[in-house]
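Read off the chains here:
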Amino acid sequence: MKKQRVRYQRIFLCLLSISVFAPIILVSIKLSNFSSSSGDKEFVGDLPGIKFKTDNPKLNVVQQDLGEGLKEPVLVVYKDDDSINSLVDSNVIERKVSETDYDVKGGNQLIQMKNVSAPSERKEQLQQPTEKREEVMKPLPRRGTDEKVKEGKDQVIRAKAYLTFAPPGSNSHLVKELKLRIKELERSLGDATKDADLPRSALQRMKSMEATLGKASRVYHECSSMTTKLRAMTYNTEEQVRAQKNQAVYLVELASRTTPKGLHCLSMRLTDSYFSLQPEKREFPNQHKLNDPDLYHYVVFSDNILASAVVVNSTVFSSSEKEKLVFHVVSDAVNLPAIRMWFLLNPPGEATINIQSIEDFEWLATMYGSALNMQNSRDRRYSSPLNHLRFYLPEMFPGLNKVVLLDHDVVVQRDLKGLWQVDMKGKVNGAVETCREGETSFRRMNMLINFSDPTVAERFDPEACTWAFGMNVFDLRKWRRKDLTAVYTKYLEMGMKRELWKGGTLPLGLVTFYNQTVALDRRWHILGLGYESGLGRGEIERGAVIHYDGVMKPWLEIGIGKYKGYWNRYVKYDHPYLQQCNIHE
């Protein structure tokens, strides 16, 4: 019995020694083999992507937030060798991935690995140059989300709703805790709009707030009361948002109709200087070119000094034949002296310019005065006679055959002489179309014209393509032959009797030049710089004419900042008059 017990002890000790020393020996052998196979001690190549388990433990939100300031984990690239399988343990890989495979929603980076290739494939890869087997793992870009910001704001709203259920003057432990959590969380959220803007403490405070809200939900368990309270809060908030939007729209409209103080100052100084000139010095040179039909004639209707100056300056600068340019600028009696004085002080080089007033066309008041005064819109942009003079171009310039109309809120970036070679195909108006769905300038006929009226419905097609005013080529000979000015007058009178179209000149232009418009290449006229902030730089710079249509004009404070540079480059901000009136870029 004793001998048998001793023998069992020896067997046990042998097995114990084998279980202890055998793994050490095996690992030593494997390591020596690995070292010999990589004698240069350089770990090259990429670690083929191994399919990991999908249930890897991920860092919680708080840990991710606290780790934002840490450096990214170093990516180790191993040599693609058969012996690598004996070194890499699946558990170790899973642990490494849990440290590097961060949650994308939390703003951290994700390092991906390729699948392990077959042994035959690995041998082929070993024969390739080292440079081709090296691969840099590119992290995915950070995503700017606002999920946590929204969640924190929702928690604050819920907490305030629970506070309303407490009796007046209550100072219970739960009330104190809710007030404290609200104060802490509001301070952490601040003005943050994205999760990346949140401080490290915000997520921990949101977690504490959620625990406090859980306590409150157990104390105030009447869900119907909570629902009613939140519904009332939502309604009040929506009403406040609606009122704020209406006020914002009104203020923008008001700002668009108001003349900036600097422009008013400039007009007064130029007017004073103009009337101090001798009459013979108020004339422009080269007036014999005004009726030459072989030259390039541009018409601008404007009561804005800087706006008309930018149109002229940009057109001259972009032209290759400056001596052939003739500008006809028409203004009102109030602004005429200031605009004339500006161009007397700043002549457009070799180009010819003439500044006229509406009053200079005496026949206009007698023949069409009633039509010009029939507009009843409160917005002077729509009711101003300057806006409707475009429908009288053949009568205003009887000696010309073709003109290009430029609105005073455009900038010319390319030579426009090609417009005189456009095939008009027997039509009167050449314009860029605005009937492509999905574009910012998209308009339908029924958006501007009332097709519920039977007279309108039988004369016009609601699916007809629309086009834009602002840069238009007009064949005045065809216009006179078809007497389109009389057509405009007839439709203007019809619109005054009943509401057939919206205010402004565009709806009247659509009906006046119906079936009389030829489409121009879209690059001639880029729209939307006065209301759309999403236009691409490439699209803008490819345009021959860019148009600040809308209320956000570049000379106003409400203008879209990133588009102002295209306009500012043609303004002489170093001019003494602009300096004296505090007009700066």
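What this report covers is the structure whose coordinates are included nearby.

Definitions and cut-offs
Residues numbered from 1 in each chain as written. Predicted model: local features only at pLDDT ≥ 70, side-chain atom pairs only at ≥ 80, totals over all residues. Heavy atoms only, no water. Helix = DSSP H or I, 4+ residues; strand = E, 2+ residues; numbered from the N terminus. Buried < 20%, exposed > 50% of the residue type's maximum accessible area, 1.4 Å probe, protein only. Contact = heavy atoms within 4.5 Å. Areas by Shrake-Rupley, 256 points an atom, 1.4 Å probe, with all protein chains shown as cover. Pairing = 2+ DSSP bridges. Core = buried A, V, L, I, M, F, W, Y, C linked by side-chain atoms within 4.5 Å. Right-handed = clockwise from strand over helix to strand, strands pointing away. Salt bridge = Lys/Arg side-chain N within 4 Å of Asp/Glu carboxyl O. Expected span 1.5 Å × (residues − 1). Axes fitted to C-alpha atoms, helices over the stretch in contact; angles between N-to-C directions. Parallel < 35°, antiparallel > 145°, perpendicular 65-115°, else oblique. Left-handed = near helix turned anticlockwise from the far one by under 90°. Nonpolar A, V, L, I, M, F, W, Y, C, P; charged D, E, K, R; others polar. Patch = residues over 30% accessible without salt bridge, like charges linked within 9 Å, V, L, I, M, F, W, Y side chains within 5 Å.

## Here's the deal with the overall build of the protein
Phase 1 of the analysis: When its secondary structure is counted, the protein shows 25 helices and ten strands.
Phase 2 of the analysis: The buried share among the 585 residues of the protein stands at 42%.
Phase 3 of the analysis: Expressed as a percentage of contacts within the protein between residues at least 6 apart in sequence, the contacts between residues at least 24 apart total 78%.
Phase 4 of the analysis: Entry remark: accessible area of the protein is about 33500 Å², with carbon and sulfur atoms responsible for 53%.

## Observations concerning the sheet that holds strand S10 (residues 545–547)
Phase 1 of the analysis: On the basis of which strands lie adjacent, the open sheet formed by three strands has the order S5-S10-S9 and mixed pairing. In the strand order of this sheet, the two ends are held by strand S5 (410–412) and strand S9 (525–526), each with one partner.

## Observations regarding the pairing of strand S7 (residues 471–475)
Phase 1 of the analysis: Counting buried positions along S7 gives five out of five residues, so the element sits mostly inside the fold.
Phase 2 of the analysis: As defined by bridge partners, strand S6 (residues 429–431) adjoins S7 across two bridges and the pair is classed as antiparallel. Residue pairing across strands places Asn429 opposite Phe474, the latter belonging to S7.

## Describing unusual backbone geometry
Phase 1 of the analysis: Residues other than glycine seldom take positive phi values, yet Asp483 does so here, at roughly 50°.
Phase 2 of the analysis: Looking at where Asp483 falls in the secondary structure, it is placed in the loop between helix H20 (476–482) and helix H21 (484–497).
Phase 3 of the analysis: A relative accessible area of 43% places Asp483 in the partly exposed class.
Phase 4 of the analysis: In the Ramachandran plot, Asn582 falls in the positive-phi region, its phi being about 60° despite a non-glycine side chain.

## Describing the nonpolar core
Phase 1 of the analysis: Of all hydrophobic cores here, the largest spans 64 residues; its most connected members are Leu266, Tyr298, Phe343, Leu406, Leu419 and Trp567.
Phase 2 of the analysis: If one sorts the elements of this core by residue count, helix H12 (residues 305–318) sits on top with eight residues.
Phase 3 of the analysis: Grouped together as the second largest cluster of nonpolar side chains are 42 residues, Val330, Leu364, Phe397 and Leu506 included.

## Observations concerning the pairing of strand S1 (residues 296–301)
Phase 1 of the analysis: Most of S1 sits inside the fold, with six of its six residues counted as buried.
Phase 2 of the analysis: As paired elements, S1 and strand S2 (residues 325–331) share six bridges and run parallel to each other. Each residue of the ladder has a partner; that of Val300, found in S2, is Val329.
Phase 3 of the analysis: Taken together, S1, H12 and S2 constitute a β-α-β crossover, and its handedness is right-handed.
Phase 4 of the analysis: Here S1 pairs with strand S4 (residues 402–406) via two bridges, running parallel. In the sheet register, Tyr298 faces S4, and the bridge partner there is Val404.

## Side note on the pattern of salt bridges
Phase 1 of the analysis: Per the stated rule, a full pass over the model turns up 15 salt bridges.
Phase 2 of the analysis: A salt bridge links Arg242 to Glu239; the shortest N-O distance between them is 2.5 Å. Separated by three residues within a single helix, Arg242 and Glu239 lie in helix H10 (residues 223–257), roughly one turn from each other.
Phase 3 of the analysis: The exposure class of Arg242 is partly exposed, given its relative accessible area of 42%.
Phase 4 of the analysis: A salt bridge links Arg523 to Asp521, with the shortest nitrogen-to-oxygen separation between them at 3.1 Å.
Phase 5 of the analysis: For Asp521, a relative accessible area of 38% puts it in the partly exposed group.
Phase 6 of the analysis: Each of Glu177, Arg181, Glu184 and Lys215 takes part in one network of salt bridges that share partners.

## Here's the deal with H21
An α-helical turn contains 3.6 residues, so a residue and the one three or four places further along point in the same direction.
Phase 1 of the analysis: Here H21 is 14 residues long and its end C-alpha atoms lie 20 Å apart, about the 20 Å a rise of 1.5 Å per residue gives.
Phase 2 of the analysis: All buried positions along H21 are accounted for by Leu484, Thr485, Tyr488, Thr489, Tyr491, Leu492 and Met494.

## What to know about the packing of H21 against helix H22 (residues 505–512)
Phase 1 of the analysis: At a minimum axis separation of 9 Å, H21 and H22 run at an interaxial angle of 125°. Of the possible angle classes, the one that applies to H21 and H22 is oblique. For the pair H21 and H22, the sense of crossing is right-handed. For the pair formed by H21 and H22, the contact residues are Leu484, Val487, Tyr488, Tyr491 and Leu492 on the first element and Leu508, Val511 and Thr512 on the second.
Phase 2 of the analysis: In terms of residue class, the contact of H21 with H22 is made up of seven nonpolar, one polar and no charged.

## A short note on a nonpolar patch on the surface
Phase 1 of the analysis: A contiguous nonpolar surface patch, about 310 Å² in accessible area, is contributed by Tyr250, Leu251 and Leu254.
Phase 2 of the analysis: Topologically, Tyr250 is positioned in helix H10.

Honestly, that's just the spatial picture; any functional story needs more than this.
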